[in-house]
Structures are given as structure tokens and as C-alpha cells.
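# Residue-level structural notes
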Amino acid sequence: SLHALHQLLQLLWLLLVWLPRPDVILMQNPPAIPTMAVCWLAALRHKAHWAIDWHNFGYTILGLSMGPNHWLVRVARFLEVSWGRRGHIHFCVTQAMRQELQDKWGIAAIALYDRP
């Protein structure tokens, strides 16, 4: 849609052009696509560390509406794993997610619990 394209172009402009050089780019996942790609590009451009705060997997949320075996869900998973492995710092909110990131994706994350 035009709205999604407009948001993508805004994100590209803000992170690649407007943003002063940061030491770290922090993103919350999901949304994974296209946020992960843009944040990865911004980290490369600014020579910054890229930190991913894993709250869920974007492809599993997509799978709720399309079915877990839909080809778009499989592509989304591939992209999320590929970009996710490029992050420099990873943290998540549960031990279960930390374990899944380690066992299935080869990502070493730190579990930081949400507390009021």
C-alpha cells in the first residue's frame, strides 16, 4: 500500500540521512520487515552497533493470519533469521525466547525481564 511505502521511505530517510551518527541503533522486534533491513543498513552506514530487543518473532505473527506453511511466512522467517544474526547485541524478555534464539538461530541473547 502507499501508506506502507511512505513509512518505509520515512524510515530510510530518518535512519540513513537525518540521524546523527549514533553509537548504537536499538530496534524492537517485531516488526521485522522492513525494519530489520533498514536498521542493519543504518548500522553499516553509521558504523554503529545494532541492538535487537526481541519481543516476538515477526514471521510467527504473520503465520497467524496466513498459516505457518504459507510461502510468504517462510520467506519472512528466512529474512528475519538472516538479518537477526547480523545484530551485534541481542536481548529478550524471557528465558524461553533466549533459548530458542540460541538453539534454533545461533543467536546469543540476554534475557532481561519486564518489571513494573
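Everything below is about the structure shown above.
This report concerns the structure included in the present document. The model shown is predicted, which means the values in this text are computed figures rather than measured ones. (Residues numbered from 1 in each chain as written. Predicted model: local features only at pLDDT ≥ 70, side-chain atom pairs only at ≥ 80, totals over all residues. Heavy atoms only, no water.)

Next up on the list: the packing of helix α1 (residues 2–18) against helix α2 (residues 35–46). Between α1 and α2, the least distance of the axes is 9 Å, while the angle of their chain directions is 20 degrees. Between α1 and α2, the crossing angle belongs to the class labelled roughly parallel. As α1 packs across α2, the resulting crossing turns out to be right-handed. When α1 is examined against α2, the residues L8, L11, L12, L15 and L16 are found in contact with a partner set consisting of T35, V38, C39, L41, A42, R45 and H46. For the contact of α1 with α2, the per-class residue count stands at nine nonpolar, two polar and one charged. (Axes fitted to C-alpha atoms, helices over the stretch in contact; angles between N-to-C directions. Helix = DSSP H or I, 4+ residues; strand = E, 2+ residues; numbered from the N terminus. Parallel < 35°, antiparallel > 145°, perpendicular 65-115°, else oblique. Left-handed = near helix turned anticlockwise from the far one by under 90°. Contact = heavy atoms within 4.5 Å. Nonpolar A, V, L, I, M, F, W, Y, C, P; charged D, E, K, R; others polar.)

All right, on to the side chain of N29 then. Here N29 shows up in strand β1 (residues 24–29). For N29, a relative accessible area of 0% gives the class buried. For N29, the side chain forms a polar contact with the main-chain nitrogen of A32, separated by 3.4 Å. When neighbours within four sequence positions are excluded, N29 is seen to be in contact with M36, I52, D53, W54, H55, N56, F57, G58 and E80. (Buried < 20%, exposed > 50% of the residue type's maximum accessible area, 1.4 Å probe, protein only. Polar contact = N/O pair within 3.5 Å; in protein donor to acceptor, adjacent residues only side chain to side chain.)

What follows is about the pattern of salt bridges. One pass over the full model with this rule turns up two salt bridges. The shortest N-O distance in the salt bridge between D23 and R21 comes to 3.9 Å. Of the two residues, D23 and R21, neither departs from the other in class, the shared state being exposed. Of the charged contacts, one joins K104 and E100 as a salt bridge, the two residues approaching to 4.0 Å between their closest N and O atoms. Within this pair, K104 and its partner E100 are both found in helix α5 (residues 95–105), separated by four residues, close to a single helical turn. (Salt bridge = Lys/Arg side-chain N within 4 Å of Asp/Glu carboxyl O.)

Moving on, we come to the environment of A109. Its place among the elements puts A109 in the loop between α5 and β4 (110–111). Sequence spacing of A109 and D53 is 56 residues, and the spatial spacing of their C-alpha atoms is 9.2 Å. Discounting residues that sit within four places of it in the chain, A109 has contacts with H90, F91, C92, R98 and L101.

Looking at the element boundaries, H90 is found in strand β3 (residues 89–92). Given a relative accessible area of 7%, H90 falls into the buried group. Of the polar contacts made by the side chain of H90, one reaches the side chain of W54; its length is 3.0 Å. A distance of 3.5 Å separates a polar atom in the side chain of H90 from the backbone oxygen of G84. Excluding residues that lie within four positions of it along the chain, H90 makes contacts with I52, W54, G84, I107, A108, A109 and I110.

Going from N29 to P30, the amide bond is cis rather than trans, its omega being 0 degrees. Along the chain, P30 turns up in the loop between β1 and α2. Here I33 and P34 are connected by a cis peptide whose omega angle stands at 0 degrees. Within the secondary structure, P34 sits in the loop between β1 and α2. For K47, which is not glycine, the phi dihedral falls at a positive 55 degrees. Relative to the assigned elements, K47 resides in the loop between α2 and β2 (49–54).

Coordinates in, geometry out; function isn't part of it.
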